[in-house]
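Descriptive analysis of the structure
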Amino acid sequence: MQSRLVYMDHGATTPVRPEVYDYMKPYFSELYGNPSSLHAFGRKVRQAVEEARKKTAAAIGANPEEIYFTAGGTESNNIALRGTARKRAKPGHVITSSIEHHAVLDVCHDLEKEGHRVTFLPVDRYGRIDPDAVKKAIEKDTFIISIMAANNEIGTLQPIREIGAIAREYGVLFHTDAVQVVGQLPLDVNTINADFLSLSAHKFNGPKGIGALFMKKGAKIDPLYRGGSQEGKIRPGTENVPGIIGLGKALEVAVSEISEKKSKIETLRDRLIEGLSALGDVVLNGHPVERLPGNVNVSFKYIEGESVLLSFDMEGIFASSGSACSSGSLEPSHVLSAIGLDHATAHGSVRFSLGFGNSEEDVDYVLEKAPPIVERLRSMSPTYHAR
Amino acid sequence: MYSEKVMEHFNNPRNVGELNDADAIGETGSFKCGDTMKLYIKVKDDRIEDIKFQTYGCGAAIASSSMLTEMVKGKTIEEALKINNQDVANELGGLPPMKLHCSNLAADALQDALANYRLKQQS
């Protein structure tokens, strides 16, 4: 029945590139030494881990000793936020946005329970944070500002350069959850004045379960776990060696192709947005220009996102949705609510996230399958008939 | 996450549309998730002779709507009054726990249509 399989959920995860997989393979059964071991077998692995650290650092303009490997974006965010909060003698103030990933939002809610105060800044209808609002929110005891580099749902890029400059000016730490940006767009920790930056390998064609936290030299945190002295005690525990090797390689490859990939994917993105918009009563969510190269988030009016996804799934097209029905929470996503979408529009949201490997033919296939799907669901919808 | 039967009804929903000469219409919206349903019934000799629906909602909501119309068609008013959301979910081979409320949508629309029909008979 299906003539094609089209994966457009790269915002959720990406496939490991074959050359990355090949590069990782020896570190499972051949080079399995513990990098902390003193013997030659361990030292060889240590060398490979440090090589991966150098590659990771180089990709974001950092020094190798400022890179700490973690289990992924969630863990990096937790270490940066909880770690800085715990380092303090008394509770203080945190600034973040209302559209952060739950790995930041939920940590901030925990910090509130521990006595800290948190400002959740609103965003405009495109999902942008106003740097002036950040400045105004700073209080005497604000110790960290955490703003994502780009939103995972609607793809909106944040003015992190301006926000980083403000943080620097006021002597406040700046953390950015850059999980959606690293490997997709050029990013330099010096340009954005970051003290902490979170990244995750599986978003840039690396393996799952591995990420990194950039922590600027001199920044101090209280680690979440105690154990060995791995990763400068910031993240103790025997290293996920194959993961680290894969992360380093995947990031090296991603960065080497970044400009070529960016323009290719942006072209596909815009073609998809244009084609879907032509269906009528389709709204683009997020910023029209300041958005991730691969992110297409649209609301199909009068129909519900999960039923759209299921229908695409039947045609071999894999996407995701921020609708209440697909989230399991019955509430539309906090991001779609924050940009002011009414319940019905938020309900009809679907995210297509393009990535390496998607082609023009993939976009054409989606655009060929979309009209009958939308038409069928609308023909069933009482709100469409009552419009 | 959905049973084969749910997917089958979602893909080939029965009795979709409007009835221009409906004897009663039931309407319901879920406060929980925002789904809405409109149900049209045509009654002859105390029996639901024809039934159509329109639903805005997820896969479970559309499948529940379709299944309900199939269960109700040909039934007497009295028999139809006994149908509840659990019956609809059971006929579908079960629904995921988070989706059970979707079957309420269909059952509520039916009860609303039957109540409107009764009101119309009394007036």
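Residues numbered from 1 in each chain as written. Chains lettered and ligands numbered in written order. Predicted model: local features only at pLDDT ≥ 70, side-chain atom pairs only at ≥ 80, totals over all residues. Heavy atoms only, no water.

Counting residues at the interface gives 24 residues for chain A and 25 residues for chain B. Interface area for chain A against chain B, summed over the two sides, is near 1,900 Å², with a carbon-plus-sulfur share of 64%. On inspection of chain A and its partner chain B, the count reaches one salt bridge. Where Lys-99 of chain B meets Glu-306 of chain A, a salt bridge forms, and the shortest distance between an N and an O atom there is 2.9 Å. Along the contact surface separating chain A from chain B lie ten residue pairs in polar contact (both at pLDDT 80 or more). Broken down by secondary-structure element, the contributors of at least two residues to the side of chain A that touches chain B are α10 (305–314), α13 (343–347), α14 (360–380) and α15 (382–385) of chain A. At five residues, the largest contribution of residues to the side of chain A that touches chain B is made by α10 of chain A. Taken together, the residues of the side of chain A that touches chain B sort by class into ten nonpolar, eleven polar and three charged. (Contact = heavy atoms within 4.5 Å. Buried area = accessible area lost by both parts, 1.4 Å probe. Salt bridge = Lys/Arg side-chain N within 4 Å of Asp/Glu carboxyl O. Polar contact = N/O pair within 3.5 Å; in protein donor to acceptor, adjacent residues only side chain to side chain. Helix = DSSP H or I, 4+ residues; strand = E, 2+ residues; numbered from the N terminus. Nonpolar A, V, L, I, M, F, W, Y, C, P; charged D, E, K, R; others polar.)

With that settled, the discussion passes to the packing of aromatic side chains. All told, the structure shown has three aromatic pairs over all chains when counted by the stated rule. Measuring from centroid to centroid gives 4.9 Å for Tyr-32 of chain A and Phe-41 of chain A, while their planes differ by 80°, and the two rings are edge-to-face. Relative accessible area serves as the criterion here: at 56%, Tyr-32 of chain A is assigned to the exposed category. The side chain of Lys-249 of chain A reaches across the aromatic face of Tyr-23 of chain A, ending 4.7 Å from its centre. Across the ring face of Phe-10 of chain B, the terminal group of Arg-376 of chain A is positioned such that the distance to the ring centre comes to 5.1 Å. (Phe/Tyr/Trp six-rings, centres within 6.5 Å; stacked < 30°, edge-to-face > 60°. Buried < 20%, exposed > 50% of the residue type's maximum accessible area, 1.4 Å probe, protein only. Lys NZ or Arg CZ within 6 Å of the ring centre and 35° of its normal.)

The subject of this paragraph is the domain arrangement of chain A. All names here are of chain A. On domain assignment, one finds that chain A holds domain 1 (6–14 + 258–385) and domain 2 (18–256). The C-alpha centroid of domain 2 is placed 28 Å from the C-alpha centroid of domain 1. Tallying the contact residues gives 25 residues for domain 1 and 34 residues for domain 2. Considering only the side of domain 1, the residues that lose the most area to domain 2 are Ile-258, Leu-292 and His-334, jointly responsible for 27% of the buried surface there. The tally of links from domain 1 across to domain 2 stands at one salt bridge. Across the pair Arg-128 and Glu-290 runs a salt bridge, and its minimum N-O distance is 3.9 Å. (Domains from an automatic or database assignment.)

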